[in-house]
Every structure is written in C-alpha cells, then in structure tokens.
Amino acid sequence: NIGRMEMQIIIGELSRRLPHMKLAEQTYEYVHNLAFRGPRALIVEWDPAQNPERRDPTVRTWNQDVRLGAPLAKNVIRNLEVESVREVARDTVLLRLRSPHGSALPQWTPGAHIDIECGQGDLARQYSLCGDPVDRAAWEVAVLKDPASRGGSAWIHSSVKPGTVLRVRGPRNHFRMDESHAGRYVFVAGGIGITPVMTMARRARELGLDYEFHYSCRNRDWMAFGDELQALHGERLTLHISEEGRRNDFNALAARLTGEAGVQIYACGPTRMLEALQVAVTQAGLPEDALHVEHFSNDRPKLDPAKEQCFEVELRNSGLTLTVRNDTSLLDTLRAKNIDVQSDCEEGLCGICEVPVVAGEVDHRDSILSPAERRQNARMMACCSRSRGGGKLVLDL
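The rules behind each value
Residues numbered from 1 in each chain as written. Predicted model: local features only at pLDDT ≥ 70, side-chain atom pairs only at ≥ 80, totals over all residues. Heavy atoms only, no water. Phe/Tyr/Trp six-rings, centres within 6.5 Å; stacked < 30°, edge-to-face > 60°. Buried < 20%, exposed > 50% of the residue type's maximum accessible area, 1.4 Å probe, protein only. Helix = DSSP H or I, 4+ residues; strand = E, 2+ residues; numbered from the N terminus. Polar contact = N/O pair within 3.5 Å; in protein donor to acceptor, adjacent residues only side chain to side chain.

Chemist: I'd like a description of the packing of aromatic side chains, backed by residues and values.
Modeler: Applying the stated rule across the entire model yields seven aromatic pairs. Taking the centre distance of 6.1 Å and the plane angle of 15 degrees together, the rings of Y185 and F187 count as stacked. Its relative accessible area of 0% is what places Y185 among the buried residues. Residue F187 is classed as buried on the basis of its relative accessible area of 0%.

Set out below in structure tokens:
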C-alpha cells in the first residue's frame, strides 16, 4: 500500500512538472508475471525549454534534494547505554554497551566493528567489538587513550561513564575470518590490535580449529586481557613483551609456516608491525592471500591538489559522466550530483564508501583492500582513492 501511495505521488508530481512529456518511439518488451503484466521499460521525451517552472517559479514547490542510493550511514543510528566502564590495561578501558530498553542487539561476527559518535558534531571513531558474539545482551569495545588523539579516544576516557548514552552505528565487518578454511590459523596482535584478533581466536577455539595466537606489547601494564587470554588459550598463546626481551620474530614465524599447507594469518596492530609482517610473509614465499590485516590508521598519500590529476568517471547505471577535479575527492564529486554513497571515516579505514569498478586503473589509497584485491581492480574507496594516471574510470553506479 505504501508503494502504491509513493507511486501516485511520484507520477502526479512528474506529470505536473512535465505536462508536455510524451512517449518516444520504441519497441516494447513485457514482463510476464502471474500477478501483473507491464513493459520492462517506458522511454519518454520532452523539451526542457517548455518546462512550466521556467515561466512560473511557483510550479517548483519541491525544494528537497532527491538522493539516489541507500540511506546515509549517519542516519542509521542506535542509542546504547554504557552499562559499565572497566580498566583492562594502562590507559585502556572496556565499555559494555546495552540497549536502554533491554532488547537484544544484532548478531556480529569476529572482526566486526562499530562506529561511536564522540561528543558533539560529526566526529565518529571505529572500535572493534571484543566481547562474546553469542552475548546479544551487550556489546563490548576496548578504547586505548591515544596521546595523539584527534578527539575520539580522549573524549571517551574523559566523558563516558556508566549511564552515558552513546550514538552507535553498525556493526560492520571488513576483517572477516574465513571459518571454512581447513588449515592452520595464525593470529597476530600488537597493542590494542588485540581487540578484533581475540574474538577470532575465541571462535577458532570454539570450532576446534588448529590455531596459534601471538600477542605483542610494550610491557605487561599495557597488555589488555593478558590473564584472561592466557587462561582461555593456554599453550596456544605466546606473549611477546618488548621490555622483557621477547619480540615476535616475524621472519622466523613466516619461515616456519612456509612448510605448512593452507596457512591463514590474521593480524591487527600498529602500521610498522603490519608492514614488517607483510615483508616477512613475502620473503618467505607464502601465498599472497595468506595474510589478512586490519590497520589503525591510513598512512597512504592524502589529497594534495598540487600533485593530483583531474579524471573522468562514468556512472554506468546512472548515465552520467563526471569530472573529478584535482582538489576534490571522488566521494564529494558523487555527492555534488546527488549520488549518495555512504561514508564515515573518510580516511580509507572503514570501507563504507566502497564502490564497484567496471573499468579503469585505480590508484588505491585505502588501508582495507589486500594486494590481490587491488590488482583485481573491482572496487575502490571513493573517499581517498583516485584514477591512476588520470585515466577514465567506469563505476557500477
């Protein structure tokens, strides 16, 4: 019924704004259906110069932009109450979030994160869920107070108390664990990167999978969940504590794994750690798709108008060809034409602004896609990635 109502409004407004619209010459192909029968397409034409609004401005009474695409991510919000705040390591607190009404929260999978709005304005930060996915009564996230905080973690540490209501989006998962894999799983975490990895290790243990777990940290004061993880995983967990002279030797780890078939490595931590692990995996000759990583920050090149090139982007489904200037992003260019692409971090970290690529070479500047996914050129992050060399891109939009 609501669909019929919407169509009545749409057709009525369309006929009022374009009374001179007429059918174009065409061959009709019909949809055959037990419930209804109609043309697959109806091609019409009109002369814009005859639009009534050009002579009478009062005809145009609808002043709201019509956006194409899914609702903006910022409009899909859940209000959650902070049930408890617990310190789990130096400068690291664990927030337990629940529905103020006691209703069950959506299920999530290991590696998933949520977006928490921090204070006033549009500031939002992504935090990995680190509780038990089976527990639908609450979500848990651990937040490290970053000395270089841009307002997110500092606000949470100073302002969030039991009873605080937070605006939350998600969960979403761009760091999903493949549970169907038959070989060994290797989980590698550094610092607060433990949060997504610990849920994967828990899941591997529950499924009876073959796994090993490596956790690196500066010292035991900074090691979140250390005792809990040791009790849960026992000998499968290896702690690498720098101040105690125990560092994770990635070259030795990768060399040992080279002889095993079907190894899958899941890692999260500081950029320097992940880069060292990537080098070790490559030098050891492990398959490129064996390593899966999640980054805290995106260190790839940012938009610099002095160094960028303009490029064209064709939207295959919308029939539009747009020019992305050297001083603006693809995401902003799409939005300027009311093509709604969801986004959040706009730094190439959350993956929400991903768009499908049909043709063209992409200069990938995100921290989400793997090297193999970059070479496939099948998708890109609209907030930061661009055309390589200024060539034309064709998107499935």
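Chemist: Tell me what's going on with the environment of S159, and back it up with residues and numbers.
Modeler: Here S159 is to be found in helix α2 (residues 152–159). Given the relative accessible area of 33%, S159 is considered partly exposed. Separated by 41 residues in the primary sequence, S159 and C118 have C-alpha atoms spaced 9.3 Å apart. A polar contact is formed between the side chain of S159 and the side chain of S158, at a distance of 3.3 Å.

Chemist: Account for unusual backbone geometry, naming residues and giving values.
Modeler: Here the residue pair G170 and P171 is connected by a cis peptide bond, since its omega of 10 degrees sits within 30 degrees of zero. Among the secondary structure elements, P171 is positioned in strand β10 (residues 165–172). We note that D91 has phi near 60 degrees; this positive angle belongs to a residue other than glycine. One can find D91 in the loop between β5 (78–89) and β6 (92–98). Owing to a relative accessible area of 33%, D91 belongs among the partly exposed residues under this scheme. With a phi close to 60 degrees, N377 is a non-glycine residue in the positive phi region. Relative to the assigned elements, N377 resides in the loop between α8 (371–376) and β20 (379–381).

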